[in-house]
Amino acid sequence: MLTTTAVTHYFVVRVFIRSTQNNKIMFAAKTRNLVRKTHLPGNWSWCRWSSSSNKTTATAAAPDVNANQRQQLLNDLAEPLVTNSRPTIDPKETSIVLFPGQGTQYVGMAKDLLRFPGARRIFELANEVLKYDLLKICLEGPRDKLNRTEYAQLAVMVSSLAALEQLREERPKAIENCVATAGFSLGEITALVFAGSLPFDKALKLVQVRANAMQLACDQRPGAMAMTIYGPDTNVGEACAKAQQWCLDRGVESPYCGVANYMYPHCKVIAGNVEAIEFLEHHAKSLKIRRMKRLAVSGAFHTPLMESAVAPFAKALSSIRLEDPIISVYSNVDGKPYKHASHILRQLPKQIVRPVKWEQSLHTIYERQQGVNFPRTFECGPGKGLLQVLDKVNAKAAQSAHNVIA
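Asker: For this particular structure, what's the right way to read the environment of R354?
Answerer: Mapped onto the elements, R354 comes out in the loop between helix 12 (341-347) and strand 10 (356-357). For the pair R354 and T303, spaced 51 residues apart in sequence, the C-alpha separation works out to 5.9 Å.

Asker: I tried to follow the packing of aromatic side chains on my own but got confused; where do I start?
Answerer: Given two aromatic rings, one states the distance between the centres and the angle between the planes to describe the pair. Enumeration according to the criterion identifies five aromatic pairs in this entry. Ring geometry for F184 and W358: centres 5.5 Å apart, planes at 70°, overall edge-to-face. With F184 in the loop between strand 4 (178-183) and helix 7 (187-194) and W358 in helix 13 (residues 358-365), the pair connects residues that are 174 residues apart, well separated along the chain. W358 gets classed as buried once you look at its relative accessible area, which sits at 0%. Its guanidinium or amino end placed over the ring of Y151, K145 lies 5.2 Å from that ring's centre, counting from NZ or CZ.

Asker: In this structure, what is going on with the sheet that holds strand 11 (residues 376-381)? I would like to understand it.
Answerer: Within a sheet, adjacent strands bond to each other through the backbone by hydrogen bonds, running parallel or antiparallel. With parallel pairing, the five strands of this open sheet are ordered in space as 9-4-3-11-12. Each end of this open sheet is capped by a strand with a single partner; those strands are strand 9 (328-330) and strand 12 (401-405). Looking at each pair of strands side by side, their axes are set apart by 20° on average, direction ignored. In terms of strand pairing, strand 4 meets strand 9 through three bridges, oriented parallel.

Asker: Hey, could you run me through the packing of helix 2 (residues 117-130) against helix 8 (residues 200-220) in this one?
Answerer: Two packed helices can be described by the angle between their axes and the distance between those axes. At a minimum axis separation of 10 Å, helix 2 and helix 8 run at an interaxial angle of 55°. With respect to each other, helix 2 and helix 8 are oriented oblique. Of the two possible hands of crossing, helix 2 and helix 8 adopt the one that is right-handed. Contacts between helix 2 and helix 8 involve I122, L125, A126, V129 and L130 from the former and F200, D201, L204, K205 and Q208 from the latter. Broken down by class, the residue content of the contact of helix 2 with helix 8 amounts to seven nonpolar, one polar and two charged.

Criteria and thresholds
- Residues numbered from 1 in each chain as written.
- Predicted model: local features only at pLDDT ≥ 70, side-chain atom pairs only at ≥ 80, totals over all residues.
- Heavy atoms only, no water.
- Helix = DSSP H or I, 4+ residues; strand = E, 2+ residues; numbered from the N terminus.
- Phe/Tyr/Trp six-rings, centres within 6.5 Å; stacked < 30°, edge-to-face > 60°.
- Buried < 20%, exposed > 50% of the residue type's maximum accessible area, 1.4 Å probe, protein only.
- Lys NZ or Arg CZ within 6 Å of the ring centre and 35° of its normal.
- Pairing = 2+ DSSP bridges.
- Axes fitted to C-alpha atoms, helices over the stretch in contact; angles between N-to-C directions.
- Parallel < 35°, antiparallel > 145°, perpendicular 65-115°, else oblique.
- Left-handed = near helix turned anticlockwise from the far one by under 90°.
- Contact = heavy atoms within 4.5 Å.
- Nonpolar A, V, L, I, M, F, W, Y, C, P; charged D, E, K, R; others polar.

So this is what it looks like as structure tokens:
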């Protein structure tokens, strides 16, 4: 655990619950940036910075005698979960934060964030935990190194969390009135950090395990991914089956080709063995595929080719004390919000080998009754891809969406 580094965080929470007219439950979180202190004796840090074991959560090197004092402060800040006069918030005054995944990284990312002290501290903390200069890789590359899974995943996650510092400085209400969050693939772990379920330092180590395990799986079973645009007359399943059979006929052992990411209507990411993706590219016209674009990743993520990465990740996850998310966090596996910490423990490892149901998640997140305003949406992290996808899925929700680019 770090004992001398400044810690920035956002997540002292006042939670209230109110029922909507259709009897659904809406969770809203009021957050405050109350404490931004160093890890010195007598100072408090209210962040989910570190959990020292599966049984104990440590936020600072504070003596146990202060536990009652800390709990009392939290109790004083907390609004009752049940009240006779529940406050109402105009949905357009609330926000949703989205986090991108691997493949959005680029050399020079996070450069513009360094003007924010909090963003710099986040990278300093990450460098200390990881024992190497992640920020230098983000800023200088080289590109081939940054694109490797073991660096790309950490670079995207830390840059996305650093982008939250810009959002907090420029639009503090977006943090205070955030009601839900989601992340694409790796971004789901970033969302769980933001929602208080994972402590930052443990999340870094978890992503490091995930990235290394996935890189090893990539080295053992090379794969590729391609954004695929098609028309209503395209049979994607049949095209993938033909590609898989073509691989079998040429002696590829246990080949796979299938949907890895559900993006928006008539757009999916197809992944599988390199030979399978090459087959689809070469036969795109006859298969009625309009366009394919390779992603900057080194394997077939979210497919059975990643199976060997599941066990190491699940083991690392089980060693962390997870907390129930303070706002709704939507799972890539089924597009639905996590129910509690145990649900995260069971569901998150599946994400490595299951398709990312991003389109389905967006439909669930932005489901509204007619005439109800949409919340503001902020994409925090490198690139602008998630808001472009949102525009394809829900153009009205995208009208109040903004990028905070790392």
